[in-house]
Every structure is written in structure tokens, then in C-alpha cells.
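Structure assessment
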Number of protein chains: 2
Amino acid sequence: AEDGIRDLVRSRGLGDVYKRQLKDTPRIKDEVYNNNIVIIDIQKLKLDKITFERVMKDLKDVARDVNGDIIGIGDQRYVVITPTSVKISREKIGGGN
Amino acid sequence: AEDGIRDLVRSRGLGDVYKRQLKDTPRIKDEVYNNNIVIIDIQKLKLDKITFERVMKDLKDVARDVNGDIIGIGDQRYVVITPTSVKISREKIGGGN
């Protein structure tokens, strides 16, 4: 479409997960840009593969942009994204899972 | 017992979870004292209620000592503990579960 508004209307046909994720992603990015770490439950998001991949690409871009970090935890149920200069150690203390 | 060594030997009779947790807790505390955030999978620890409560009390004391924070996430499968001045927002962005 020629403008954003028309695209927004068109997206009404899509599922709840899709719409919620499109709505929440800017908030998540804002938090990271404001130097906060965000833990994201992606269980429901994964039900919609295309949206999942789009959101994950978006979050990875943010992590790289700010020189932060991003990792999946809990059998990939959660994603942790960190702001500028906050790096995530991949080391596991103890037995792991 | 009169000395620590004897207590250590005596603890050999206890389960793996107990021994591992006793071994890992100082490492977790060190990380927090070194200004790191630690995400702890407590699923196995919860199998031993007494040790679980002891470790949780210990971690809560550390969080309070350093003026950090501690919270359970993922249906209480994980505990996040933060170092000095790092506070955890309880706000959930989006639907949650």
C-alpha cells in the first residue's frame, strides 16, 4: 500500500499473537535503548513462525546496534536482551539442566 | 561437630542436588558481589525443600546486603538475582501468560 495507515488496517485479519507482538516490540526496544535488560517470554510468539522470525531479527538488530547482547534461555522459551555494554556470559555454573 | 571438616565428610550421605547446590551457591554469590546478574535454574533445587529454602534465604540475604534485587520468573522455575543498585521492574509488557 502507499501509506502506513492502509497497511495497519489490512493487518486486522491476522492473529492475536501477531498483533500483540507488533504492538509490544517497540516497547521492548525502548526499554533496551533506555539501558534496561528485558526478559521476553517467546512461547506464544513461536506459534507464528513468520512473525517470530521478524521479531527476533528486529531484536537481534537492536542488540547489535546498541552493542548489547541477546540470548535464549530456558529451552529457548525466553530471550534476554541487554543494552549498551552489557554482555551475557554463556558460562553455566554447576550442572546445567 | 566441633569442626567444619567433619561436617563436610558427614554431608556425603546427602543427594547430588544438595551437594551441588552447596557447591554452586558461593559462586553465584561471588558473581553478584562482582556486579553481575545471575539467572538460576532452580527446578532441581526445589526437589529438596530444606536445601531449597536454605539457598533461597541465602540469595535473598545477598540481594538485600548489596541493595540489589531478586525475583522468580517462568512459573518460578528461574530466579534472577541482581547486584548493587540494579532493580527489577515487575511490570509486564503485553499479555504475559
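Residues numbered from 1 in each chain as written. Chains lettered and ligands numbered in written order. Predicted model: local features only at pLDDT ≥ 70, side-chain atom pairs only at ≥ 80, totals over all residues. Heavy atoms only, no water.

**Remarks on the overall build of chain A**
What counts is decided by this rule: Put simply, DSSP H or I for four residues or longer makes a helix, DSSP E for two residues or longer makes a strand, and each gets a number counted from the N terminus. The buried label applies to any residue whose accessible area, calculated with a 1.4 Å probe on protein chains only, is under 20% of its type's maximum; exposed applies above 50%, and partly exposed to all values in between. Only the protein chains shown count as cover for residues, and all accessible areas are computed by the Shrake-Rupley method using a 1.4 Å probe.
Tallying secondary structure elements over chain A gives three helices and three strands in all. Sequence-ordered secondary structure for chain A, helices as α and strands as β, is α-α-β-α-β-β. Going through the 97 residues of chain A one by one, you find that 37% of them count as buried. With an accessible surface of roughly 6,300 Å², chain A has 51% of that area assigned to carbon and sulfur atoms.

**Some points on the sheet that holds strand β3 (residues 78-82) of chain A**
All names here are of chain A. Here is the rule: DSSP calls a pair of strands paired once it identifies at least 2 bridges connecting them. Inter-axis angles, ranging from 0 to 180 degrees, are taken between N-to-C directions of lines fitted to C-alpha atoms, where helices are fitted over the stretch in contact.
Sheet architecture is open: three strands sit in the order β1-β3-β2, paired in antiparallel fashion. Across the chains shown, the open sheet's two edge strands, defined by having one partner strand only, are β1 (38-41) and β2 (69-73). Neighbour to neighbour, the strand axes of the sheet diverge by 20° on average, direction disregarded. In this structure, β1 lies alongside β3, joined through four bridges in antiparallel fashion.

**Things to note about the relation of the copies chain B and chain A**
Going by this rule: When the copies are superposed, the least-squares fit takes in the C-alpha atoms of residues with a pLDDT of at least 70 in both. For this analysis, residues touch if any pair of their heavy atoms sits within 4.5 Å.
Of the two same-sequence chains, chain B is brought onto chain A (RMSD 0.0 Å, axial shift 0.0 Å) by a rotation of 180°. Both copies of the chain, as the preceding transformation shows, are related through a two-fold rotation axis. The position closest to the rotation axis in chain B is occupied by the C-alpha of Gly74 of chain B, lying 4.3 Å away. When the interface residues of chain B are mapped onto chain A, 90% of them are again interface residues, pointing to one common binding face.

**Focus on the pairing of β2 of chain A**
All names here are of chain A. Most of β2 is tucked away: four of the five residues are buried. Direction of pairing for β2 relative to β3: antiparallel, over a ladder of five bridges. Paired with Gly72 across the two strands is Val79, which belongs to β3. What sits between the antiparallel neighbours β2 and β3 is a turn of four residues, in which Gly74 has the positive phi angle 60°.

**Things to note about unusual backbone geometry**
All names here are of chain A. The residue Gln76 is not glycine, and still its phi comes out positive at about 65°. Turning to its location among the elements, Gln76 is positioned in the loop between β2 and β3. For Ser85, which is not glycine, the phi torsion reads 70° and is therefore positive. Along the polypeptide, Ser85 turns up in the segment after β3. Owing to a relative accessible area of 55%, Ser85 belongs among the exposed residues under this scheme.

**Describing a nonpolar patch on the surface**
Cut-off, in case you're wondering: Only residues whose relative accessible area exceeds 30% and that form no salt bridge are eligible for patches; like-charged ones are grouped when within 9 Å, while nonpolar side chains (Val, Leu, Ile, Met, Phe, Trp, Tyr) are grouped when within 5 Å. By definition here, a salt bridge exists when the distance from a side-chain nitrogen of Lys or Arg to a carboxyl oxygen of Asp or Glu is within 4 Å.
Side chains of Ile37, Ile39 and Val86 of chain A together with Ile37 and Ile39 of chain B sit close together on the surface and give an oily, nonpolar patch of about 320 Å² of accessible area. Mapped onto the elements, Val86 of chain A comes out in the segment after β3.

**Quick notes on the interface of chain B and chain A**
One frequent convention defines the size of an interface as the accessible area lost when the parts assemble. To keep it simple, the criterion reads: Once two parts are joined, some of their accessible surface, as seen by a 1.4 Å probe, is lost; buried area is that loss totalled over both. For the purposes of these results, a polar contact is taken to be a pair of N or O atoms within 3.5 Å, where, inside protein, one atom must be able to donate a hydrogen and its partner to accept one; residues adjacent in sequence count only when each atom of the pair is a side-chain atom. Three categories are distinguished: nonpolar for Ala, Val, Leu, Ile, Met, Phe, Trp, Tyr, Cys and Pro, charged for Asp, Glu, Lys and Arg, and polar for the others, with Gly belonging to the last.
Each partner contributes residues to the interface: chain B has 21 residues there, and chain A has 19 residues. Buried area between chain B and chain A, summed over both chains or domains, comes out near 1,500 Å², and the portion from carbon and sulfur atoms is 62%. Together, Arg27, Tyr78 and Ile93 of chain B form the three largest contributors to the area buried by chain B at its contact with chain A, with a combined 31%. Summed over the shared surface of chain B and chain A, the number is four salt bridges. Its salt-bridge partner being Glu91 of chain A, residue Arg27 of chain B comes within 3.3 Å of it at the nearest N-O pair. Linking chain B with chain A are two residue pairs in polar contact (both at pLDDT 80 or more). Contributing elements (two or more residues each) for the side of chain B that touches chain A: α2 (16-33), β1 (38-41) and β3 (78-82) of chain B. Split into classes, the residues belonging to the side of chain B that touches chain A amount to seven nonpolar, five polar and nine charged.

**Section: the sheet that holds β3 of chain B**
All names here are of chain B. Taken together, the three strands give an open sheet; going across it, the order is β1-β3-β2, and neighbouring strands pair in antiparallel fashion. Sheet topology places β1 and β2 (69-73) at the edges, where each strand pairs with a single neighbour. Averaged over neighbouring strand pairs, the angle between their axes works out to 20° when direction is ignored. Sheet strands in contact with helix α3 (residues 49-65) are β1, β2 and β3, and its direction is about 135° off that of β2.

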